[in-house]
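Structural overview for review
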Amino acid sequence: MKYVYYAYQLCIALPLGLIVTVLTALVTIIGCSLGGGRFWGFYPASLWSRIILWLLLIPVRVEGREQLEKAQSYVFVANHQGAFDIFLVYGYLGRQFRWMMKHQLKKIPLVGWACEKSHQIFVDKRGPSRIKATYDAARRTLQGGISVCVFPEGARSFTGHMGQFKKGAFALSDELQLPVVPLTINGSFDILPRMRGVSFVTWHRLSLTIHQPIYPVGQGSENIEATRSQAYDSVMSALVPEYQGYVENPDQ
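To keep things clear, this report deals only with the structure shown in the data block. Along each chain, numbering runs from 1 in the same order as the chain's sequence is written. Residues qualify for local features only when their pLDDT is at least 70, as the model is predicted, and side-chain atom pairs are given and counted only at 80 or more; totals for whole chains, interfaces and linings, by contrast, use all residues. Each side-chain value is worked out from all heavy atoms of the structure, with water and hydrogens disregarded.

**With respect to the overall build of the protein**
Note the following rule: Segments assigned H or I by DSSP are reported as helices when at least four residues long, segments assigned E as strands when at least two residues long, and all are numbered from the N terminus. Based on C-alpha atoms, the radius of gyration is set beside the globule rule, defined as 2.2 Å times the residue count to the power 0.38. Buried means the residue's accessible area, taken with a 1.4 Å probe over protein chains only, is under 20% of the maximum for its type, while exposed means over 50%, and partly exposed covers the values in between. Two residues form a contact once any of their heavy atoms are found within 4.5 Å. All accessibility values rest on the Shrake-Rupley procedure with a 1.4 Å probe; residue burial counts only the protein chains present in the view. Only four residue types enter the tally: Lys and Arg on the positive side, Asp and Glu on the negative side, with His and both chain ends excluded. Every charge is mapped onto a representative atom, which is NZ of Lys, CZ of Arg, CG of Asp or CD of Glu.
Regarding its fold elements, the protein presents 9 helices and 7 strands. Relative to a compact globule of 252 residues, whose C-alpha radius of gyration would be 18 Å, the protein shows 18 Å and is just as compact. Projected onto the principal axes, the alpha-carbon positions of the protein cover approximately 55 × 50 × 40 Å. Every one of the 252 residues in the protein was classed for burial, and the buried ones make up 49%. Within the protein, residue pairs in contact and separated by at least 24 positions form 76% of the contacts whose partners lie at least 6 positions apart. Here the protein has roughly 12800 Å² of accessible surface; of this, 61% comes from carbon and sulfur atoms. With 25 positive and 17 negative side-chain charges, the protein shows a spacing of 9 Å between the two charge centroids.

**Let's talk about the side chain of Ser-73**
We count it as follows: Two N or O atoms count as a polar contact when they lie within 3.5 Å, although within protein this holds only if one can serve as hydrogen donor and the other as acceptor, and sequence-adjacent residues are included solely when both atoms are side-chain atoms.
Here Ser-73 shows up in the loop between strand S1 (60-63) and strand S2 (75-78). Within the structure, Ser-73 has its side chain in polar contact with the backbone oxygen of Gly-145 (distance 3.3 Å). Once residues within four sequence positions are removed from consideration, Ser-73 is found in contact with Leu-142, Gly-145, Ile-146, Ser-147, Leu-178 and Pro-179.

**Describing the pattern of salt bridges**
To keep things clear, this is the line we draw: Salt bridge criterion: a side-chain nitrogen from Lys or Arg within 4 Å of a carboxyl oxygen from Asp or Glu.
The final tally for this structure, using the stated rule, is 4 salt bridges. The closest approach of N and O atoms between Glu-63 and Arg-61, which form a salt bridge, is 3.6 Å. The closest approach of N and O atoms between Glu-225 and Arg-228, which form a salt bridge, is 2.8 Å. Note that Glu-225 and Arg-228 are positioned in helix H9 (residues 221-237) at a spacing of 3 residues, about one turn of the helix. Judged by its relative accessible area of 36%, Glu-225 is partly exposed. A cluster of three or more residues bridged by salt bridges with shared partners is formed by Asp-136, Arg-139 and Glu-175.

**Side note on the sheet that holds S1**
Cut-off, in case you're wondering: DSSP bridges decide pairing: two strands pair if at least two such bridges lie between them. Where helices are involved, their axes are fitted lines through C-alpha atoms of the stretch in contact, as for all axes, and angles between N-to-C directions lie from 0 to 180°.
A sheet is described by the order of its strands in space; here 7 strands give the open sequence S1-S7-S6-S2-S5-S3-S4, paired in mixed fashion. Lying at the two open borders of the sheet, with one neighbouring strand each, are S1 and strand S4 (121-123). Ignoring which end each strand starts from, the neighbouring axes of this sheet average 20° apart. The sheet contact formed by strand S3 (residues 97-102) and strand S5 (residues 147-150) spans 3 bridges and is parallel. Pairing of Phe-97 across the sheet is with Ser-147, part of S5. Sheet contacts for helix H4 (residues 84-92): S1, S3, S5, strand S6 (180-186) and strand S7 (206-210); angle to S7, the most-contacted strand, approximately 55°. Strands in contact with helix H6 (residues 128-143) are S2, S3, S4 and S5; relative to S4, the strand with the most contacts, it is inclined by about 150°.

**As for helix H3 (residues 43-55)**
Since there are 3.6 residues in each turn of an α-helix, residues three or four apart along the chain are aligned in direction. As a reminder of what qualifies: What a helix is expected to span follows from its residue count: subtract one and scale by 1.5 Å.
For H3, built from 13 residues, the straight-helix expectation of 18 Å at 1.5 Å per residue is met to within 8% by its first-to-last C-alpha distance of 18 Å. Pro-44, Ala-45, Ser-46, Trp-48, Ser-49, Ile-52, Leu-53 and Leu-55 are the residues of H3 that are buried. Buried residues along H3 sit in contact with helix H1 (2-34), helix H2 (37-40), S1, H4 and S7. Once H3 finishes, Leu-57 follows within two positions and takes phi at roughly 65°, a positive value.

**Brief notes about the nonpolar core**
As a reminder of what qualifies: We define a nonpolar core as any set of buried Ala, Val, Leu, Ile, Met, Phe, Trp, Tyr and Cys residues linked to one another through side-chain atoms lying within 4.5 Å.
Counting residues in hydrophobic clusters, the biggest one holds 37 residues, and the most contacted among them are Val-89 and Leu-183. Mapped by element, the contributors of at least two residues to this core are H1, H3, S2, H4, S3, S6 and S7. Setting aside residues up to four positions removed in sequence, Val-89 forms contacts with Phe-97, Trp-99, Cys-149, Leu-183, Ile-185 and Leu-208. Counting 24 residues, the second largest nonpolar core, distinct from the first, contains Val-77, Leu-142, Ala-169 and Ile-224.

**Details of the pairing of S6**
Consecutive residues of a regular strand have side chains that alternate between opposite faces of the sheet. Counting buried residues along S6, 7 of its 7 residues qualify, which places the element largely inside the surrounding structure. Across 4 bridges, S6 lies against S7 in antiparallel orientation. Within the sheet, the bridge partner assigned to Ile-185 lies in S7 and is Leu-208.

**Describing a nonpolar patch on the surface**
Selection criterion: In this scheme, patches are assembled from residues that exceed 30% relative accessible area and form no salt bridge. Like charges are connected within 9 Å, while nonpolar side chains (Val, Leu, Ile, Met, Phe, Trp, Tyr) are connected within 5 Å.
A surface patch of nonpolar side chains, amounting to about 730 Å² of accessible area, comprises Ile-12, Leu-16, Ile-19, Val-22, Leu-23, Leu-26, Ile-30 and Leu-34. Residue position: Ile-12 is located in helix H1. When its relative accessible area of 38% is taken as the criterion, Ile-12 is described as partly exposed.

Laid out in C-alpha cells, this is it:
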C-alpha cells in the first residue's frame, strides 16, 4: 500500500495540489488588492490547507476549540514539528489570524507575494530597525482585532521533540496584555520529517490540541517568563510519549 500511496501522491495529489496552490495565491493577491483584506487574507488559505490535507488523505482531529472566545485576540504559540503544521493550524484552528514567519519565505514565487498582500508578519532579525518593524507589524495586527500565530522554537524540529521557546511572542503578549494560547501539534513530523531534498509524504493522523488561554497576571519580565514556562509545559503535556522531553535544536 505504501507504494500505491506514493504513486497517488506523484500522479494525482501533487499536480492538483500545485494547481490549488497557484489559484489560492492568485485569489489572495487579487482579493487583497481590491480590498477586504480581512476576508481574502485568511479564508482562501484556510480552505487551501484543508484541500491539501484532503488530497493527501490525511485525517485530522482537533480538541479544545471551546477554550476560545469569539471576540478575543490571542497570541497562539505552537510546537514546530514539520511543514504540515501550516496546513493543520491554518485549516483547523477555526480562528482568523496572521502568521509570524521567516522573512526568507517572502522569496517563494507567487506564494511570497500572497503572504505580503495578506499582511502576514515577516520576522526579520537583520538589525534593530528590522526587528522593530516586525514587532510593529505584529502589534498593529493584534490591536486591529486579529490574532497572530507563532512557532516560538523558531525552526522545525529535527527529531519531533521540542526545543526552547524564544521569548518574542511572550514579550508581545505582555506588552499588549493579551492572552497566550498554547497549541500542541502531533503527527506532522511523522508525515514529513525535516530532511534535505524531496521526500514522499507518509500517511499519518494529524492532531491539534488547543489549550486553555494563559492570561497575564502582571506586566514585565516576571510575567513574560512565567507565561513562556506555562505555555511550554502545556504544549509538552499533550505531545505523544514518543516525542516527550526537550531535545536541543541546533537550528534555533
